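What follows is each chain in one-letter form.
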Amino acid sequence: MKLFLSLLMSFLATASYAQPKKITQATISTTTNVIAPDEEDASNVQNQGGGGFNFRNFGDGETKSTTFYKDAMVKTVIKTDMGRTTTLRNNETKMTTTLLEMMGNKTGFYASDDDQVEMKKKMDSMMKARAASDTNQRMRTMSASAPANIDIVYPGDIKKIAGYDCKKALIITTRILGIKDTTIAWFTPDIKFDNLHYTGGLSGFGAAVSSVNGLDKLDGFVMRYEMKMRRNRQMIVEVTKVETGKEIAAKEFDVPKDFDLKPIKEMQNMMGGRGNGGGQGMQIIRN
């Protein structure tokens, strides 16, 4: 009996030790690299933004972001040569606020998950309307809107990223006509966050628009992923540092009062109803 109790206690201690580390706050540094195809001729890409700035290629190259996580709040800050973008996500109220600091201007917009779903429906409707007279567009629309089948393969590879042992996963998405896309992901089962499965891309915008198929199905936090984008681009996102011992003040998630904030519907009307934030991240959806 004593031997049984001893073995039981040993098992419980081992099981307890093996549980993922419960994290209620963290600061996560992430690098995103969007790689354009070598054969792309920049002279064939139209300037859409005026003044010589090419919005079509906005987001190409390397960008760094910092994500602050505390309970239901997530804040992501991206700094580029153009300025600074801050996204505040409240997972309790399902509200996302995006702050833009560019050329001395401080503007922003806010949206609930319902608002984002409605915008997506409008964009899908616009795509279908274009598809009615464009065969190629029709095929892309059908592929994007059709339910995708997701399979996850675990090759068994292990590597260390930012100090954490990570497992490799191949997320294979099969769309209409058998079109397949594969996302390569590395995740660590040692840490987990509520409402945060990965960083980079559109991760700050909430589940309504930011879901990268399959990443949220992995049993742990995603430390790196590689995926194809539109126009033959490749996006590689990798976490470079995770700090869990640093206290994050609640005021870190306050919305500054010196920003001109508008509802996202009003911003959409100002952009001519395109419903596109202009950033490369919006082009994560595959063809």
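All values reported here derive from a predicted model rather than from experimental measurement.

Examining the environment of Thr-67
Alright, step 1. Mapped onto the elements of the fold, Thr-67 is located in strand β3 (residues 61-70).
Alright, step 2. Of the residues examined, Thr-67 reaches a relative accessible area of 1% and is grouped as buried.
Alright, step 3. Taking the C-alpha atoms as reference points, Thr-67 and Thr-86, 19 residues apart in sequence, are found 9.6 Å from one another.
Alright, step 4. Excluding anything up to four places from it in sequence, Thr-67 contacts Ala-26, Thr-27, Ile-28, Val-74, Lys-75, Thr-76, Leu-196 and Thr-199.
Alright, step 5. Side-chain polar atoms of Thr-67 contact the side chain of Thr-76, separated by 3.5 Å.

A look at the packing of aromatic side chains
Alright, step 1. Taken as a whole and assessed by the stated rule, the structure comprises 4 aromatic pairs.
Alright, step 2. On the numbers, 6.2 Å between centres and 70° between planes, the contact of Tyr-154 with Phe-187 is edge-to-face. Of this pair, Tyr-154 sits in the loop between β8 (149-153) and β9 (158-161) while Phe-187 sits in strand β11 (residues 180-188), and the two are 33 residues apart along the sequence.
Alright, step 3. Ring centres of Tyr-198 and Tyr-225 lie 5.7 Å apart, and the angle between their planes is 85°; on these two criteria the pair is classed as edge-to-face. Here Tyr-198, found in the loop between β12 (191-192) and α4 (207-210), pairs with Tyr-225, found in strand β13 (residues 221-228); they are 27 residues apart in sequence, far enough to count as distant. Neither Tyr-198 nor Tyr-225 differs from the other in exposure class; each is buried.
Alright, step 4. Against the face of Trp-186 rests Lys-159, its NZ or CZ located 4.8 Å from the ring centre.

A word on the pattern of salt bridges
Alright, step 1. Taken as a whole and assessed by the stated rule, the structure comprises 13 salt bridges.
Alright, step 2. Ionic pairing is found between Asp-165 and Lys-160, a salt bridge with its closest N-O pair at 2.9 Å.
Alright, step 3. Residues joined by salt bridges that share partners form a network here, namely Glu-118, Lys-122 and Lys-265.

Structural notes on a nonpolar patch on the surface
Alright, step 1. Residues Tyr-110, Val-255 and Leu-261 make up a contiguous nonpolar surface patch of about 210 Å² in total accessible area.
Alright, step 2. Assignment of secondary structure puts Leu-261 in strand β15 (residues 260-263).
Alright, step 3. Assessed through its relative accessible area of 30%, Leu-261 is described here as partly exposed.

Things to note about the nonpolar core
Alright, step 1. Of all hydrophobic cores here, the largest spans 16 residues; its most connected members are Ile-28, Ile-191, Phe-193, Leu-196, Phe-221, Met-223 and Val-242.
Alright, step 2. Within the second largest apolar cluster, 14 residues are counted, among which are Val-34, Ala-169, Val-222 and Met-227.

Quick word on the pairing of strand β5 (residues 83-90)
Alright, step 1. Sheet analysis places strand β4 (residues 73-80) next to β5, joined by 8 bridges and oriented antiparallel. Residue pairing in the sheet places Thr-76 in a bridge with Thr-87 of β5.
Alright, step 2. Hairpin connection, β4 to β5: the antiparallel pair is bridged by 2 residues.
Alright, step 3. In this structure, β5 lies alongside strand β6 (residues 95-102), joined through 8 bridges in antiparallel fashion. Within β6, the residue paired with Leu-88 across the bridge is Thr-97.
Alright, step 4. Taking the residues that link successive antiparallel strands as the turn, the β5-β6 hairpin has 4 residues, and the phi of Lys-94 there is positive, at about 60°.

Describing the confidence of the model for the chain
Alright, step 1. When pLDDT is averaged across the chain, the result is 77; 68% of the residues are at 70 or more.
Alright, step 2. When pLDDT is averaged over each helix and strand of the chain, the minimum, 46, is found for helix α1 (residues 2-18) and the maximum, 97, for β9.
Alright, step 3. Below a pLDDT of 50 lies the segment residues 43-56, which in the model reaches 19 contacts outside its immediate sequence neighbourhood of four places, other chains included.

What about unusual backbone geometry?
Alright, step 1. A positive phi is found at Ala-162, a non-glycine position, where the angle reads about 55°.
Alright, step 2. Turning to its location among the elements, Ala-162 is positioned in the loop between β9 and β10 (164-174).
Alright, step 3. You can call Ala-162 partly exposed: its relative accessible area is 33%.

What counts and how
Residue indices follow the written sequence of each chain, beginning from 1 at its first position. Local features in a predicted model are, by the rule used here, given only for residues with pLDDT of at least 70; side-chain atom pairs are given and counted only at 80 or more, and totals for whole chains, interfaces and linings are based on all residues. To obtain the side-chain values, all non-hydrogen atoms of the structure were included, while hydrogens and water were left out. In this description a helix means any DSSP run of H or I spanning at least four residues, a strand means any run of E spanning at least two, and both kinds are numbered starting from the N terminus. Per-residue accessibility, obtained with a 1.4 Å probe over protein chains only, is compared with the maximum for each type, and a residue is labelled buried under 20%, exposed over 50%, and partly exposed between these values. Working rule for contacts: check all heavy atoms of both residues, and any pair within 4.5 Å makes them a contact. Any pair of nitrogen or oxygen atoms within 3.5 Å is treated as a polar contact; in protein, a donor-acceptor pairing is required on top of that, and neighbouring residues in sequence qualify only through side-chain atoms on both sides. A pair of Phe, Tyr and Trp rings is counted when the ring centres sit within 6.5 Å of each other, with Trp represented by its six-membered ring. The angle between the planes then sorts it: under 30 degrees is stacked, over 60 is edge-to-face, the rest tilted. Whether a charge sits over a ring depends on NZ of Lys or CZ of Arg being within 6 Å of the ring centre and within 35 degrees of the ring normal. One speaks of a salt bridge when a side-chain nitrogen belonging to Lys or Arg is within 4 Å of a carboxyl oxygen belonging to Asp or Glu. Patch definition: residues with relative accessible area over 30% and no salt bridge; like charges joined within 9 Å; nonpolar side chains (Val, Leu, Ile, Met, Phe, Trp, Tyr) joined within 5 Å. In short, Shrake-Rupley with a 1.4 Å probe defines the accessible areas, and a residue's cover is counted only from the protein chains shown. Throughout, nonpolar core names a set of buried Ala, Val, Leu, Ile, Met, Phe, Trp, Tyr and Cys residues whose side chains join them through atoms within 4.5 Å. Here, a strand pair is defined by DSSP locating no fewer than two bridges between the strands. pLDDT: the predictor's confidence for each residue, scored from 0 to 100.

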